[in-house]
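Okay, here's what each chain looks like letter by letter:
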Amino acid sequence: MILELKGINKEFKIDKSTSFNALSNINLGFNRGEFVSILGPSGCGKSTLLNIIAGLDMPSSGELFIDSKSTKKYKAKNWDFYRKNNIGFVFQQFNLIEHLSALENVELVMSLTGQKKAARNKRALELLESVGISKEHALHTPAQLSGGQKQRVAIARALANDPDIILADEPTGALDTKTGLQVMELLQEVAKDKLIIMVTHNKKLAYDYSSRVIQILDGEIQSDEQLKQQSNINTNKTLNKKNKAMPFREAFKLSLRNMKKKIGRVAITAFAGSVGIAGISLVLGLSNGANIFIDQQITKFATSNVVSVSKLEADPKNKEKVKPVTDKKKYEFVLDNDKVASLRKKVPDNIGNWKYENKVIETQSGALADKDHRQHINDALEGRLPVDGKDEVIVNRAFARSMITNGKEKLTSEDTSKMLNKKVKLDLASSGFDGKQEFKVVGIMDEIDVNQPYIYYSYNDMIDYYKDSKILVKDEQGNKVDPSLIKAMGIKLTSAYDSLMKKPKSYEVVLKDAKDAKEVAGWISHNGKDVQDNSELNVSMMGGQDKVGTNVTSFSLVFQMALSTIVNIAQLVMIAFLIIALVVSSILIAIVLFSSILERKSEIGILKAVGARKKDVMRVFQSEAILLGLFAGLIGIVVSFIIAPLAEMIVNNFVDFDVSGLVKIPLSGQLFGVQVPFLQLISLVLISTLVAFIAGYLPSRRATKMQVIDALRDE
Ligand code: ADP
Ligand code: MG
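Rules used throughout
Residues numbered from 1 in each chain as written. Chains lettered and ligands numbered in written order. Predicted model: local features only at pLDDT ≥ 70, side-chain atom pairs only at ≥ 80, totals over all residues. Heavy atoms only, no water. Helix = DSSP H or I, 4+ residues; strand = E, 2+ residues; numbered from the N terminus. Contact = heavy atoms within 4.5 Å. Areas by Shrake-Rupley, 256 points an atom, 1.4 Å probe, with all protein chains shown as cover. Phe/Tyr/Trp six-rings, centres within 6.5 Å; stacked < 30°, edge-to-face > 60°. Buried < 20%, exposed > 50% of the residue type's maximum accessible area, 1.4 Å probe, protein only. Lys NZ or Arg CZ within 6 Å of the ring centre and 35° of its normal. Near = heavy atom within 4 Å. Polar contact = N/O pair within 3.5 Å; in protein donor to acceptor, adjacent residues only side chain to side chain. Nonpolar A, V, L, I, M, F, W, Y, C, P; charged D, E, K, R; others polar. Expected span 1.5 Å × (residues − 1). Pairing = 2+ DSSP bridges. Axes fitted to C-alpha atoms, helices over the stretch in contact; angles between N-to-C directions. Core = buried A, V, L, I, M, F, W, Y, C linked by side-chain atoms within 4.5 Å. Parallel < 35°, antiparallel > 145°, perpendicular 65-115°, else oblique. Left-handed = near helix turned anticlockwise from the far one by under 90°.

Draft legend 1. Representation of the overall build of the chain. Per the secondary structure count, the chain includes 22 helices and 26 strands. For the chain, contacts bridging at least 24 residues in sequence account for 74% of all contacts bridging at least 6. Summed over all atoms, the accessible surface of the chain reaches about 34,900 Å², with 55% contributed by carbon and sulfur.

Draft legend 2. Representation of the packing of aromatic side chains. Under the definition given, this model contains 8 aromatic pairs. Ring centres of Phe248 and Phe252 lie 5.8 Å apart, and the angle between their planes is 45°; on these two criteria the pair is classed as tilted. With Phe248 and Phe252 both in helix H9 (residues 248–261) and 4 residues apart, the pair spans about one turn of that helix. By relative accessible area, which is 33% here, Phe248 ends up partly exposed. Looking at Phe252, the relative accessible area reads 28%, which means it is partly exposed. Geometrically, the ring pair formed by Tyr454 and Tyr456 is tilted, given 5.3 Å between the ring centres and 35° between the ring planes. By the burial criterion, Tyr454 is buried, and Tyr456 matches it. Taken together through their ring pairs, the aromatic side chains of Tyr74, Trp79 and Tyr82 make up a single cluster. We note Lys6 situated over the ring of Phe65; from NZ or CZ to the ring centre the distance is 4.6 Å. Cation over ring: Arg619 sits above Phe248, and NZ or CZ is 4.9 Å from the ring centre.

Draft legend 3. Highlighting the site of ligand 1. Within the structure, ligand 1 sits among 11 residues, and Gly43, Gly45, Lys46, Ser47 and Thr48 are positioned closest to it. Gly45 places a polar main-chain atom, nitrogen or oxygen, 3.1 Å from an oxygen atom of ligand 1. The separation between an oxygen atom of ligand 1 and a polar side-chain atom of Ser47 is 2.7 Å. Contributing elements (two or more residues each) for the shell around ligand 1: strand E2 (19–30) and helix H1 (46–54). Considering every element that reaches the shell around ligand 1, the biggest residue donor is H1, with 3 residues. The residue makeup of the shell around ligand 1, split by class, is 4 nonpolar, 5 polar and 2 charged.

Draft legend 4. Inspection of helix H20 (residues 679–695) at higher detail. In this model H20 runs 24 Å from its N-terminal to its C-terminal C-alpha over 17 residues, within 8% of the 24 Å that 1.5 Å per residue would give. Of the surrounding secondary structure, the elements contacted by the buried residues of H20 are helix H10 (263–298), helix H17 (555–599), helix H19 (614–654), strand E25 (668–671), strand E26 (674–677) and helix H21 (697–705).

Draft legend 5. Main features of the side chain of Ser506. Within the secondary structure layout, Ser506 lies in the loop between helix H15 (496–501) and strand E23 (507–511). By relative accessible area, which is 15% here, Ser506 ends up buried. Ignoring sequence-local partners within four residues, the contact set of Ser506 consists of Val309, Ser310, Tyr331, Lys345 and Lys346.

Draft legend 6. Up close: the sheet that holds strand E7 (residues 165–169). One open sheet holds the 6 strands; their spatial order is E6-E7-E8-E3-E9-E10, and the pairing between them is mixed. The sheet is open, and its two edges are formed by strand E6 (87–90) and strand E10 (220–226), each paired on a single side. Each neighbouring strand pair of the sheet contributes to a mean axis angle of 15°, computed without reference to strand direction. Alignment of E6 against E7, held across 4 bridges, turns out to be parallel. In the sheet register, Phe89 faces E7, and the bridge partner there is Leu167. Relative to the sheet, helix H6 (residues 147–159) contacts E6 and E7, its axis offset from that of E6 by approximately 170°.

Draft legend 7. Main features of the pairing of strand E20 (residues 436–445). Among the 10 residues that make up E20, 7 are buried, leaving the element largely enclosed by the rest of the structure. For strand E16 (residues 381–383) and E20, the ladder comprises 3 bridges, and the chain directions are antiparallel. Paired with Gly383 across the strands is Gly443, a residue of E20. Pairing geometry for strand E18 (residues 423–427) and E20, over 5 bridges, is antiparallel. In the strand pairing of E20, Lys425 is matched with Glu438.

Draft legend 8. Structural context of H1. Burial analysis of H1 places 8 of its 9 residues in the buried class, the great majority of the element. Looking only at H1, the buried set comprises Lys46, Thr48, Leu49, Leu50, Asn51, Ile52, Ile53 and Ala54. Within two residues after H1, Gly55 carries a phi angle of roughly 75°, on the positive side.

Draft legend 9. How the structure looks around the environment of Ile642. Take Ile642: it is sitting in helix H19. For Ile642, a relative accessible area of 53% translates into the label exposed. Remark: the alpha-carbon pair of Ile642 and Leu282, spanning 360 residues in sequence, is separated by 10.0 Å.

Draft legend 10. The nonpolar core, seen in detail. Phe35, Val106, Leu128, Val153, Ile155 and Leu187 are the most contacted members of the largest nonpolar core, which totals 54 residues. Sort the elements by how many residues they give to this core and helix H3 (residues 102–112) lands first, with 7 residues. Setting aside residues up to four positions removed in sequence, Val106 forms contacts with Ala124, Leu127, Leu128, Val153, Ala156, Arg157 and Ala160. Listed in part, the 32 residues of the second largest apolar core include Ile52, Leu167, Ile197 and Ile214.

Draft legend 11. Quick peek at the sheet that holds strand E5 (residues 69–70). Spatial ordering of the open sheet is given by E2-E1-E4-E5, a layout of 4 strands whose pairing is antiparallel. Each end of this open sheet is capped by a strand with a single partner; those strands are E2 and E5. Pairing of strand E1 (residues 3–13) with strand E4 (residues 61–66), which is carried by 5 bridges, proceeds in the antiparallel orientation. Residue Leu5 lies in a different strand from E4, and its bridge partner there is Leu64.

Draft legend 12. Structural detail: unusual backbone geometry. One non-glycine residue, Glu357, lies in the positive phi region at around 50°. Relative to the assigned elements, Glu357 resides in the loop between strand E14 (352–356) and strand E15 (359–367).

Draft legend 13. Quick look at the environment of Ala158. Here Ala158 lies in helix H6. On a C-alpha basis, the gap between Ala158 and Lys84 in space is 10.0 Å, while along the polypeptide they are 74 residues apart. Excluding anything up to four places from it in sequence, Ala158 contacts Gly88, Phe89, Val90, Pro163 and Ile166.

Draft legend 14. Looking closely at the packing of H3 against H6. Interhelical geometry of H3 versus H6 gives an angle of 25° and a closest axis separation of 8 Å. In terms of orientation, H3 lies roughly parallel with respect to H6. The two elements H3 and H6 meet at a crossing, and its hand is right-handed. Of H6, the residues touching H3 (which contributes Ala102, Asn105, Val106 and Val109) are Val153, Ala156 and Arg157. Tallied by class, residues from the contact of H3 with H6 come to 5 nonpolar, 1 polar and 1 charged.

Draft legend 15. A look at the packing of H17 against H20. Put simply, H17 and H20 touch, their axes get as near as 8 Å, and they point 50° apart. The orientation of H17 relative to H20 falls into the category oblique. Of the two possible hands of crossing, H17 and H20 adopt the one that is right-handed. On H20, the residues that touch Leu582, Ser586, Ile589 and Ala590 of H17 are Ile687, Val691, Ala692 and Ala695. By residue class, the composition of the contact of H17 with H20 is 7 nonpolar, 1 polar and no charged.

This is how it looks when you write it as structure tokens:
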């Protein structure tokens, strides 16, 4: 006997105190080759019995023996195996999966046993043909088939894994008489070497086609009649034992096909879910673009490759005090760095009055690097660079604007170009020097417009200028005393050069490339040691007067660091917001999955009835989540590329300088020191997929917990 039921009882709890006996003391045995009809009125317990035989429901007491072995110790996976390999199901409501074609419905159960695509396809077509479904109809979905055709497909599906037992619950219940008879003939044909247990309330069908009729009433066996002699087959043959599982890719294909059918909803969900990824991609692009922008602007400062260094050390005479290091030897270690071009004394930072026509502005100035190390200026220069010894200077646009308009009006660069070839006069009297000199403006720098008038001169010219100027002597009232008078009095005037340049308080380091400013500044402030982290940089505009140590100052460096800090903070804030968006989108995916599970309740039931493991069901929904996450990620990336130029246009409206190319979504990135193409983009898609996978976990688990019988009853 391949199946044996001993003392089976099934009790349904109605509420806490009452229960209902659906089956009482059922004892039955079944053999291969039998076509058994279980006959009884509606509600007598036929389906309950069939469900217990299928392992879809457990008896309250009693025991089921399969192949003469007790199922007392069966675990979920044993039941799954039994259903998958040994049982074929035919239901009253056909229970075909709606989004699959007839062919795919049949193939699906074969994929559960891990059969290869080609073999599956061939056998499915053969089976469909044998139950009277043409090749053409095989490609129709259940909705496009008649009831009789659907039941034929269901029978083909039940036969697909060549099971030993076919369980049919009212297989003709939903069919007209004529079609019902055709289905019965089909089952009779199948019964030649299998055990068929069919539930019906149709007495005529039972007696016309079966070899044995068991009548049930109110959960009890009324009669058990043997109608025909068993066909001459080997009834001792044991059940099929092959064991192969459904590969993950089948679960994927199944979800993909389901999603195709609901492409509208999938698209909307993926689109909504893409917001977080699109945002992160944009923020990465913005910070990347901003950093590139900053790097580019840096080289547009005329003195961006000049870094000034000052060192303070404790005064040995007075421990409380610190004094600047004036010994050049103590600075010379910087020449060991192969990125450094030269070391020079710093021209004093005396603020001078620059005069043009009748306008005077007090502004900062800087000494350019020597001829060999100022090529970077050319890109941003209108005019040319100063020639040494000719008292020539270059100015930035802000300087030119101040001279022309006192900085009030907004002028175009064409207007400011008027300063070219004009003479400006330097007067350092306010800083206590006697020395006037005229310089010719030979170039105008397009520095990033921070509205700071700046003037740049040749280092050697400025040294000469100081050599020629004298410190002004002032009387008690603070009025300057005529130098010729002082000379006549026999007082020797110190030259400004002697006083300021012989013992300079700081030095200037000229770099070969302005881009190395940060690195070399770090190196210098750590006395020749490489710095890993930029935050260790001791850089400030002020010069760190009250600290003992090295201080590195560079206008461009300060600008660069200030801007990068802003960019980084802005990036963090935006990413925080976007993580929220990502969480929201994952909740969205979870909700969609939950509703998908509710919709696909019957599909889950069918899958389980035909032997899908919990794992298989879980995988179907997990792969749906993964696919949603993947689509959301891909859409997000595409959206970010579409939005990037729009975002630039908006930003351009708010700032004065040109920011085209500000949002540069990185197309490659560094991973373990190796440049990887599309690193960020791939990572974002992976993150989106992972988030969706995690979000899909609970709904997927929920799907596996769904009771099969409940799932199918819903139909
Ligand atoms: P049928 O012979 O029509 O297939 P069933 O086996 O479906 O009858 O049901 C037998 C009896 O058990 C019915 O009275 C039905 O209401 C009851 N029943 C079936 N399933 C449940 C359940 N899960 N909870 C409570 N009662 C149930
Ligand atoms: Mg029933």
